[in-house]
Amino acid sequence: MRNRTKKEQKMIDELMGLLVLIAAIIGWFTTNTLTGVFVAVGLCIIVIIIFSIWRSIRFNKKMKESGIQEIDKMTGRQFEEYVGTIFKSQGYKVSYTSTTGDYGADLILKKEQQVIVVQAKRYKQTVGVKAVQEIIPAIKMYNATVAWVITNSTYTKQALILAKKNHVRMIERDELIKMSLDMKNRNVKLELKTD
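Just so it is clear, the structure is predicted and the values come from calculations on it, not from any experiment. (Residues numbered from 1 in each chain as written. Predicted model: local features only at pLDDT ≥ 70, side-chain atom pairs only at ≥ 80, totals over all residues. Heavy atoms only, no water.)

S.K.: Got a minute to help me understand the sheet that holds strand S5 (residues 168–171) in this structure?
M.R.: One open sheet accounts for five strands, arranged S1-S2-S3-S4-S5; its pairing is mixed. If you trace the sheet from one side to the other, it starts and ends with strand S1 (93–96) and S5, each paired once. The average angle at which neighbouring strand axes cross in this sheet is 25 degrees, direction not considered. Looking at chain direction, strand S3 (residues 114–121) and strand S4 (residues 146–151) are connected through six bridges and run parallel. By the bridge assignment, Gln 119 is partnered in S4 with Val 149. On top of the sheet, helix H4 (residues 76–89) reaches S1, strand S2 (107–111), S3, S4 and S5; it is set at about 165 degrees to S1, its chief contact. Strands in contact with helix H5 (residues 129–141) are S3, S4 and S5; relative to S3, the strand with the most contacts, it is inclined by about 155 degrees. (Pairing = 2+ DSSP bridges. Helix = DSSP H or I, 4+ residues; strand = E, 2+ residues; numbered from the N terminus. Axes fitted to C-alpha atoms, helices over the stretch in contact; angles between N-to-C directions. Contact = heavy atoms within 4.5 Å.)

S.K.: Is there a simple way to explain the nonpolar core in this structure?
M.R.: In summary, soluble globular proteins display a tendency toward joint burial of nonpolar side chains. Judged by nonpolar contacts, the single largest core of 26 residues is most densely connected at Phe 87, Leu 109, Trp 148 and Ile 150. Elements that contribute at least two residues to this core include exactly helix H2 (34–66), helix H3 (68–73), H4, S2, S3, S4 and helix H7 (173–194). Within the second largest apolar cluster, 17 residues are counted, among which are Ile 108, Ala 147, Val 149 and Tyr 155. (Core = buried A, V, L, I, M, F, W, Y, C linked by side-chain atoms within 4.5 Å. Buried < 20%, exposed > 50% of the residue type's maximum accessible area, 1.4 Å probe, protein only.)

S.K.: What should I look at first to understand the packing of helix H1 (residues 6–31) against H2 in this one?
M.R.: Each pair of packed helices gets described by two things: the angle between the helix axes and the distance between those axes. The interhelical angle for the contact between H1 and H2, taken along N-to-C directions, is 145 degrees, at an axis separation of 7 Å. H1 and H2 meet at a crossing whose hand is right-handed. Across the interface between the two elements, Met 16, Leu 19, Val 20, Ala 23, Ala 24, Gly 27, Trp 28 and Thr 31 of H1 pack against Leu 34, Gly 36, Val 37, Ala 40, Val 41, Cys 44, Ile 45 and Ile 48 of H2. For the contact of H1 with H2, a count of residues per class yields 13 nonpolar, three polar and no charged. (Left-handed = near helix turned anticlockwise from the far one by under 90°. Nonpolar A, V, L, I, M, F, W, Y, C, P; charged D, E, K, R; others polar.)

S.K.: Honestly, the pattern of salt bridges in this entry has me stumped. Any pointers?
M.R.: Where charged atoms from two side chains of opposite charge come close, those side chains can pair. Counted under the stated rule, the structure contains eight salt bridges. Lys 10 is the partner of Glu 14 in a salt bridge, and the nearest nitrogen-oxygen pair spans 4.0 Å. Of the two residues, Glu 14 and Lys 10 both sit in helix H1, four residues apart, roughly one turn of that helix. Judged by relative accessible area, Glu 14 falls into the partly exposed class, the value being 47%. For Lys 130, the salt bridge identified is with Glu 134, shortest N-O distance 3.4 Å. Of this pair, Lys 130 and Glu 134 are both found in helix H5, four residues apart, which corresponds to roughly one turn of the helix. A relative accessible area of 24% means that Glu 134 is categorised as partly exposed. A network of salt bridges, in which partner residues are shared, links Arg 77, Glu 80 and Glu 81. (Salt bridge = Lys/Arg side-chain N within 4 Å of Asp/Glu carboxyl O.)

Here it is in structure tokens:
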């Protein structure tokens, strides 16, 4: 399953506890016996387990369709090119910076009046504050209107705080997966139109 924050997990745990409590109350009021309570709670737990299995299967299918496992194996340059492909599919004009002396930007996106500098980080660990520090100077260097950092991983709390203070958009794993799926769906629709 995807990485959940402690807050999200706490909310899910509380919801499941509430459902079990409601099942127990219904079991009591419909039968006035402890057996009725146990049957209702048991049925509720079975439903929760079935729902969890269904979500897990659905999640695994989504991960496979997104190609995230292949993305995780890419080199840094392959990841930059893949990110460029995603944005091209969204209508952006994409150019790549040189691998050295890039002033913190890996890609430059243009669409209408907007110029976006992007740093692509294909990491196995959490991406730290350095990624944000590197992209900020690229805004002025490339006369950009905004900066983005995109990763196949997640960000540290400090990186997110610095990004927020500097208006840098942070795109992490879950959003990358969604973007990958959207691109694949868009390509399928285009293929169907041309057939």
